Amino acid sequence: MVRWQKKAMAGVAAVALAAALAACSSSGGKQKEESSGGSGGNVADTPRMKVALITHSGPGDTFWDIVRRGAEAAAKKDNIELQYSADPDGAAQANLVQTAIDSKVDGIAVTLNKPDAVIPNVKKAIAAGIPVTILNGGLDQWKTTGALGYFGQDERIAGQATGEKLKQLGAKKVICVIHEQGNVSLEARCQGIKDKFGNVENVNVNGTDQPGTQATLTSKLQADKTADYVVALNAGIALTAVQAAKDAGSSAKVGSFDMSKEMAKAVADGTVQFAVDQQPYLQGYLAIDAIWLYRTNGNTIGGGEATLTGPAFIDKSNIAAVQKFAEAGTR
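The written sequence of each chain sets the order in which its residues are numbered from 1. Selection of residues for local features in this predicted model requires a pLDDT of at least 70, selection of side-chain atom pairs for listing and counting requires 80 or more, and totals for whole chains, interfaces and linings are taken over all residues. Derived side-chain values reflect all non-hydrogen atoms in the structure, with water molecules and hydrogen atoms excluded from consideration.

Topic: the nonpolar core
Consideration 1: Nonpolar cores were defined as sets of buried Ala, Val, Leu, Ile, Met, Phe, Trp, Tyr and Cys residues, with membership established by side-chain atoms within 4.5 Å. For every residue, the accessible area (1.4 Å probe, protein chains only) is compared with the maximum for its type, and the residue is labelled buried under 20%, exposed over 50%, or partly exposed between those bounds. The biggest cluster of nonpolar side chains holds 30 residues, and the ones touching the most others in it are Leu-221, Val-230, Met-259 and Met-263.
Consideration 2: In this description a helix means any DSSP run of H or I spanning at least four residues, a strand means any run of E spanning at least two, and both kinds are numbered starting from the N terminus. Counting only elements with at least two residues in this core, the list comes to β7 (174–178), α8 (210–223), β9 (229–232), α9 (235–248), α10 (261–268) and α12 (319–327).
Consideration 3: If one sorts the elements of this core by residue count, α9 sits on top with 8 residues.
Consideration 4: Sequence-distant contacts of Met-259, defined by excluding residues within four places in its chain, comprise Ile-66, Ala-235, Ala-264, Ala-275, Asp-277, Ile-314, Ile-319, Val-322, Ala-326 and Arg-331.
Consideration 5: Among the nonpolar cores identified, the runner-up in size contains 29 residues, and Leu-82, Tyr-285, Ala-287 and Trp-292 belong to it. Throughout, a residue-residue contact means that at least one pair of heavy atoms, one from each residue, lies within 4.5 Å.

Some remarks on the sheet that holds strand β8 (residues 200–204)
Strand pairing within a sheet occurs via backbone hydrogen bonds; the two strands may be parallel or antiparallel.
Consideration 1: Two strands are said to pair when DSSP picks up at least two bridges between them. In spatial order, the strands read β8-β7-β9-β10-β11-β13; together these 6 strands make up an open sheet with mixed pairing. For this open sheet the edge positions go to β8 and β13 (312–314), each flanked by a neighbour on one side alone. On average, each strand axis in the sheet is tilted by 25 degrees relative to the strand beside it, whichever way the strands run.
Consideration 2: Pairing geometry for β7 and β8, over 5 bridges, is parallel. Only the stretch in contact is used when a helix axis is fitted, and all axes are lines through C-alpha atoms; the angle between N-to-C directions ranges over 0 to 180 degrees.

Things to note about the packing of helix α6 (residues 155–168) against helix α7 (residues 184–197)
Consideration 1: Where α6 contacts α7, the axes come no closer than 6 Å and their chain directions differ by 40 degrees. Between α6 and α7, the crossing angle belongs to the class labelled oblique. The crossing of α6 and α7 is right-handed. Along the contact surface, α6 presents Glu-155, Arg-156, Gly-159, Gln-160, Thr-162, Gly-163, Glu-164, Leu-166 and Lys-167, while α7 presents Ser-185, Ala-188, Arg-189, Gln-191, Gly-192, Ile-193, Asp-195, Lys-196 and Phe-197. Should an angle fall under 35 degrees it is taken as roughly parallel, and over 145 as roughly antiparallel, whereas 65 to 115 is taken as roughly perpendicular and any remaining angle as oblique. Whether a crossing is left-handed or right-handed is set by the direction in which the near helix is turned from the far one by less than a right angle, anticlockwise for left-handed and clockwise for right-handed.

Written as structure tokens, this is what we have:
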């Protein structure tokens, strides 16, 4: 095991047991604000709280269903009413943070993938006495906000590890597909790959437009026969890239960031060579549980540093160990 993997595992070891004990709940990937609560099971006897989870998810992005399931499991255990909302536009996401402030929530968990737009309102929340946790994006900025902690992976390191893996696999030229313009986490992944691999070309697509994404990638692979690997930055784009390679008559292989039920099957049958797992369920769980721990016992997690939930590589050698969890919607 390499050093960065040890660091990621150490950062979550203390809280992984609590996450494993939490029950799964359903989610639907809806973009409007919704509430879910904790009833039944082993529920904390602490006073009822209201916590907002605000992400930059776009319509239909199933990755965020997994994050939300983790958050819902923590909310159920902690006697929290969870209010979920999302918007991929930075200014709109910032407005959702303001809405949470105005509704006097007891805590906010938020992504900072569009940090310039969202951070001012995060600071307003903290100034109003609302504890905030950051998850998934904003590793380089979260400390400046005064947030309680950060739960996610170091995207640049994850990209660098992917670049090293591509070298081991014998890749010659990589197309890195950025599916959301201005998302600093996605840009960091591609930059990390370039750091270690070198011959990388970024291709920008609109991840919410599957036919357009497929057409763009097909055209690119038809025009560039030297590209022998496509790295997608989420599971849905990876499966689109597989079809684009077929349509282009290209022999390019596909690797991906992030897991899903469909991605697990694709890795198992060799359609996709590998997936870089950042454990989104754990990100959602810890971001909510950390607020409860702080409000009920003054605890903080991470010792002032980010709590890393990844990266870890999933390929044919270890897919069997996680596939049942992916099929259950928690990996």
